[in-house]
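Residue-level structural notes
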Amino acid sequence: MGRTERKRKRRLNNRECDVSLESLQDTIFLKKWMQSLGWKNDTKLILKNFASTGRGVSSLLNINLNQKLIEVPYNLLITCTNAFESNIQNLCKTSAKFKAQEILTLFLILEKHKNKKSKWKFYLDTLPEELPALPWLCSEAEVSKFPSYFMAIANKRKWDLEIGWERVEKSIKSSWICPCCEQPLNRVITLNAFTWGYVVVNTRAVYVDPDVVIKLFGRDLSNFLSDSPCLALCPFLDMFNHSAEANTRAELIYEGDSWKYTLTTLTSYKKYQQIFISYGCHDNDKLFCEYGFFLIHNHLNNISCSLEEVLSVSNISLNKKQRAFIENRCLPDEIYVSTKGLSFYLKALLFVVINPDAEWGRMIYSEDYSSCDIMFMCFTTKKVLILKKTKFLDNVWKLKDVAVSKYALSGIDYIKNKIDLIDIILEALDSYS
Ligand SMILES: C[S@@+](CC[C@H](N)C(=O)[O-])C[C@H]1O[C@@H](n2cnc3c(N)ncnc32)[C@H](O)[C@@H]1O
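Owing to the predicted nature of the structure, the values given are computational and were not obtained by experimental measurement.

Next up on the list: unusual backbone geometry. At N66, a position not held by glycine, the phi torsion is positive, near 65°. Although it is not a glycine, E367 adopts a positive phi angle of roughly 55°. Structurally, the position occupied by E367 is in the loop between helix 16 (360-366) and helix 17 (371-402). Assessed through its relative accessible area of 34%, E367 is described here as partly exposed.

Inspection of the secondary structure assignment puts S243 in the loop between strand 7 (241-242) and strand 8 (248-255). Through-space distance from the C-alpha of S243 to that of K145 is 29 Å; in sequence the pair is 98 residues apart. Engagement of the side chain of S243 in a polar contact is seen with the backbone nitrogen of E245, the distance being 3.0 Å.

Here the focus is the site of the ligand. For the ligand, the set of nearby residues contains 14 residues, the closest of which are R55, R204, N241, H242 and Y291. Contact distances for the ligand include 2.9 Å between an oxygen atom and a side-chain N or O atom of R204. Here a nitrogen atom of the ligand and a backbone polar atom of H242 are 2.8 Å apart. Here the ligand, which alone exposes 560 Å², has 85% of that area covered by the protein. In terms of residue class, the shell around the ligand is made up of seven nonpolar, four polar and three charged.

Calculation criteria
Residues numbered from 1 in each chain as written. Predicted model: local features only at pLDDT ≥ 70, side-chain atom pairs only at ≥ 80, totals over all residues. Heavy atoms only, no water. Helix = DSSP H or I, 4+ residues; strand = E, 2+ residues; numbered from the N terminus. Buried < 20%, exposed > 50% of the residue type's maximum accessible area, 1.4 Å probe, protein only. Polar contact = N/O pair within 3.5 Å; in protein donor to acceptor, adjacent residues only side chain to side chain. Near = heavy atom within 4 Å. Areas by Shrake-Rupley, 256 points an atom, 1.4 Å probe, with all protein chains shown as cover. Nonpolar A, V, L, I, M, F, W, Y, C, P; charged D, E, K, R; others polar.

Treat this as a map of the structure, not an account of what it does.
This is the structure in structure tokens:
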């Protein structure tokens, strides 16, 4: 079998594993409900379970470059102003102020609790119960075995969730009884429910222009919100998965005689193929931390390192003048290497390290490095990469020892993916030097 034929067969096999979700009740009800509120599925979007990514979107039509993928009427969006519909202010102490993410989280918990009585039921029924593999949902023992730079990011996100929960717990009236089931509030708004809602908002909300949200609401939200109402949940639009190759334009626009949230694709797709959108120019660190997944191949990935790691492998100590120059120009902020080579800052840093007496400013901005400098840069970077690989392998072993949760098991795969990237970059540097 030739290569093309093998590729075709693989594509067909993959397609056979993709299962349509169109006959599921949840999908049928969601689409009917959205259509009854003005959504027109002009691009004939359908939901499928894809072997490669899980649930996602494709179309019965070919989708062209610059075509509008989806238009969702504003009244189908859940913004912070919808919190008023749920009477969140009635169950909170008067002085309580929340962040937009917390307000949407509370809204989801309360509406989900209403079940059939919620007007958002058909949307809520499509939200996943299971949480994605976010590293900040790991236990403390698990997080502590992540690479240190990543542990810092994960701990910060864990902390944000905990602070949010603390704020909510303190702000709700302990005397409040749910009108539908007569349960006390702390049985409805639990830590588990809060974590679920918080993660749903984190992984699915889109950015909306807060000025438009306030204008359409006709009332100021500052008594109630400590940041701006810039987040919204957008039914069906939140079913698209991300690809680093996808390019999309998202806008809240006034067209015809109404506001709508639109997505335009700047990439074309064949019918039945999965349609991806872009969540932003995110490397795997960001994808894993914000959305709980990472891409095996992501051209935005890189391996970052610290000034200390560079100095430790090059066995050089800096003089005062070198240190001041490096710090003033913030060179350590962006020292990394990717399959495309060394970052501007890494090259600059290495140049300053090996040339204590050169005219650094002129050289680093012209990047007119001698072949000798380039050889040293590659050589040192390889040593840094080998050091990083050893550290990552150590993280894998230590994490394997304590990993119990699916979040930590995913973390192991994530670090292994970093190690694979190091091997690829090392090979590329070998051919370069
Ligand atoms: C906005 S939702 C997309 C729809 C989601 N797959 C669903 O079934 O509801 C974002 C979540 O989808 C998953 N996801 C998005 N893009 C992905 C991809 N390329 N590969 C794997 N999972 C992806 C992640 O769990 C992420 O947190």
